[in-house]
Amino acid sequence: MQTAADVYPVLCLAGPTASGKTSLALALATELPVEVINADSRQVYADFPLISAQPTPEERAVCPHHLYGILSSDTQISAGEWRDMALAKIIEVLSRGHVPLLCGGTGMYFQTLLHGIAPIPPTDRDVRARIEDRVGREGLAALHNELCSKDPEYAAKIHPHDRQRIVRALEVLEQTGRTLSDWHKEGTASPVSGPLFVIQASLDWLMPRIEARIECMMKEGALDEMKRAFARAPDPSLPGFSSIGCAELLACARGTLTFEDALTLWIKNTRAYAKRQNTWFRGRKEARFFSPSEGKRFISEACSAWENIHSFNP
RNA sequence: GCCGAGGUAGCUCAGUAGGUAGAGCGGGGGCCUGAAAAGCCCUGUGUCAGCAGUUCAAUUCUGUUCCUCGGCA
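Everything quoted here is computed from the prediction, not taken from an experiment. (Residues numbered from 1 in each chain as written. Chains lettered and ligands numbered in written order. Predicted model: local features only at pLDDT ≥ 70, side-chain atom pairs only at ≥ 80, totals over all residues. Heavy atoms only, no water.)

### Considerations on the packing of aromatic side chains
To describe a pair of aromatic rings, one takes the distance between the centres and the angle between the planes.
Point 1. Summed over the entire model, instances satisfying the criterion amount to 5 aromatic pairs.
Point 2. Arranged with centres 5.2 Å apart and planes meeting at 75°, the rings of Phe48 and Phe241 form a pair that is edge-to-face. Within this pair, whereas Phe48 is found in the loop between β3 (34-38) and α2 (57-62), its partner Phe241 is found in the loop between α11 (222-232) and α12 (246-254), the two being separated by 193 residues in sequence.
Point 3. Looking at Phe48, the relative accessible area reads 0%, which means it is buried.
Point 4. A relative accessible area of 6% places Phe241 in the buried class.
Point 5. For the pair Phe290 and Phe298, a centre-to-centre distance of 5.2 Å together with 15° between the ring planes defines the contact as stacked.
Point 6. Residue class for Phe298 comes out buried when judged on its relative accessible area of 2%.
Point 7. An aromatic cluster is present here, built from Phe48, Phe230 and Phe241 joined pairwise through their rings.
Point 8. Its end group placed over the ring of Trp183, Arg178 keeps NZ or CZ at 4.0 Å from the ring centre.
Point 9. Directly above the ring of Trp280 sits Arg284, whose terminal nitrogen or CZ lies 4.3 Å from the centroid. (Phe/Tyr/Trp six-rings, centres within 6.5 Å; stacked < 30°, edge-to-face > 60°. Helix = DSSP H or I, 4+ residues; strand = E, 2+ residues; numbered from the N terminus. Buried < 20%, exposed > 50% of the residue type's maximum accessible area, 1.4 Å probe, protein only. Lys NZ or Arg CZ within 6 Å of the ring centre and 35° of its normal.)

Here you go:
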C-alpha cells in the first residue's frame, strides 16, 4: 500500500520527433520552476548532441536539464535502467521544490515510468550472445519452437519472426529460471504519477520540419560529429550509434552513399520513425493530446495540473 | 536519318511457351513489459504506351504510331 508521501508527481511532455517538445518545455519553464528530465533513449549519448537533437547549451541554460549526453557510446541503457535514473532525478528535483518535466519521444520510457515495469533482474550479455549464436546455427524457427514449449503464453503473443523478443524471452528464462509471461504478471505499480501531454502532429505537418532540421544538422556538422564519435569508438554496432542518421552518415563518410542520398535516406527513416511514434502515442488512453498550434493550451493545462497535484502534495 | 534496347503499381524492375500480372522500395494501417530512434505484423486492379490485325481469347504474336535510352551518322 502506497502512502501519499511515496507518490512522486511529474509532468510529462511527449510527441514525435521534431514536433517542438524542447521549445514548449522551455516555454513552460517561464511559468513554473521546471527542471527538464530527458525521456529520450538516444539523447542520453554524449557523442551525438547534434544528431540526436539534444537541447543546445543555450537551451539548457534556460533551466536545469538532466540525463542528456550522460553516456558514452559503448554503454547500453535499458528502459528499466533509464527509469531508475529518471526516478532518482525526479526525487532530487522535487526535493528542491521544483517541477520535474519529463520530456522526450520514447514511448516505452514514459510507459515504464508511469506504469512500472516487471522487476526482472538485469541479464548477462553473454547469455544473449549465446542465444543469438544459436539463432544463427539452428534457425529462428527452432528457437521459436523452443519458446512455444517453454513459455507458450508469451510465444502466443509474439510473431514467429520477432527475433528480438524470442531471444529476450529465452534469455530471461535461462537466467532467472522463470518465464517472461510469469515475470510480466508481477505487479508493476509505479510511484510516479502525473499527466502525459502529447503533441499530436501529422506527418504532413512534421515533414517540412524534419527536412529543415536534418539539413540544419548537416550544415552544423553532423558528419563531423559522427566521424569524431567513430574515431573515439570505431564500432557502429555500439549502442550509441543507433540514432537515426548515424548509419546514413557513416555510409556517406565511407563513400557507399552520396551526401545527397544519405540525406534523403536519413529523412525517410526519420519520417518512418515519427510515424511509429504517432502510432504509439495515439494508443495511450491516459494521454492529453494537443496540436502543435495549441502550445498556450498546453502551458495553461500543465500549470493547472501541477497546481492540482500540489494541493494533494503540499 | 539509320541500327539496337526498352516503354508493366508512386519508383526500380520481374513475368506470362496467348487464358487480363508480381517482387523490392515507397505509401497506408497496426503491435509493443528492460536493444524501443530498436524489433515485428498486415496491406498491391494496374486502360501491362496508343491504335489496328490474327485468335474463342492478346499485356504476351504481327503491323503501325508515339515516347525514352544507347550506338552510328
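The structure having been displayed, the exposition proceeds.
### Brief notes about the protein's contact with RNA strand B
Point 1. Contacts to RNA strand B come from 41 residues, most closely from Ser41, Ala118, His184, Arg276 and Arg282.
Point 2. Near-protein atoms of RNA strand B (within 4 Å) split between backbone and bases, with sugar and phosphate holding 56%.
Point 3. Of all the secondary-structure elements, those providing two or more residues to the surface near RNA strand B are α3 (79-95), α4 (107-115), α5 (125-138), α8 (163-176) and α13 (259-282).
Point 4. For the surface near RNA strand B, the leading source of residues is α13, giving 8 residues.
Point 5. Here the surface near RNA strand B is composed, by residue class, of 14 nonpolar, 15 polar and 12 charged. (Near = heavy atom within 4 Å. Nonpolar A, V, L, I, M, F, W, Y, C, P; charged D, E, K, R; others polar.)

### Comments concerning the environment of Ala251
Point 1. Among the secondary structure elements, Ala251 is positioned in helix α12.
Point 2. Exposure remark for Ala251: the relative accessible area of 15% places this residue in the buried category.
Point 3. Distance from Ala251 to Ala262, taken between C-alpha atoms, is 7.4 Å for residues 11 residues apart in sequence.
Point 4. With residues up to four places along the chain from it excluded, the contact list for Ala251 reads Thr256 and Leu257. (Contact = heavy atoms within 4.5 Å.)

### What to know about a nonpolar patch on the surface
Point 1. A surface patch of nonpolar side chains, about 250 Å² in accessible area, is lined by Met108, Ile117 and Trp280.
Point 2. Of note, Ile117 is situated in the loop between α4 and α5.
Point 3. For Ile117, a relative accessible area of 32% gives the class partly exposed. (Patch = residues over 30% accessible without salt bridge, like charges linked within 9 Å, V, L, I, M, F, W, Y side chains within 5 Å. Areas by Shrake-Rupley, 256 points an atom, 1.4 Å probe, with all protein chains shown as cover. Salt bridge = Lys/Arg side-chain N within 4 Å of Asp/Glu carboxyl O.)

### Observations concerning the pairing of strand β7 (residues 196-199)
Regular strands place their side chains on alternate faces of the sheet.
Point 1. Of the two faces of β7, the one holding Leu196 and Val198 and the one holding Phe197 and Ile199 are both buried throughout.
Point 2. Pairing of strand β2 (residues 11-14) with β7 involves 3 bridges; the strand directions are parallel. Across the sheet, the residue bridging to Leu13 is Phe197, located in β7.
Point 3. Pairing geometry for β7 and strand β8 (residues 287-290), over 4 bridges, is parallel. By the bridge assignment, Phe197 is partnered in β8 with Arg288. (Pairing = 2+ DSSP bridges.)

### Let's talk about the domain arrangement of chain A
Point 1. We note that the domain assignment places domain 1 (4-117 + 187-312) and domain 2 (125-183) within chain A.
Point 2. The C-alpha-based centres of domain 1 and domain 2 are spaced at 30 Å. (Domains from an automatic or database assignment.)

### Examining α12
Point 1. Of the residues making up α12, those classed as buried are Cys246, Glu248, Leu249, Leu250, Ala251 and Cys252.
Point 2. For α12, the elements touching its buried residues are α10 (203-219), α11 and α13.
Point 3. With its phi angle positive at about 85°, Gly255 sits one or two positions after the end of α12.

### Examining the state of the cysteines
Point 1. Enumeration over the complete set of coordinates arrives at 0 disulfides.
Point 2. The cysteine Cys103 is free of any disulfide, with Cys63 supplying the nearest cysteine sulfur at 9.6 Å. (Disulfide = S-S within 2.5 Å.)

### Notes on the sheet that holds strand β4 (residues 65-66)
Point 1. Here 6 strands make up an open sheet; going across it, the order is β4-β3-β5-β2-β7-β8 and the pairing parallel. Each edge of the open sheet is held by one strand with a lone partner, namely β4 and β8.
Point 2. Of the pairings in the sheet, the one linking β3 to β4 comprises 2 bridges and is parallel in character. When the bridges of β4 are listed, Ile37 appears paired with His66.

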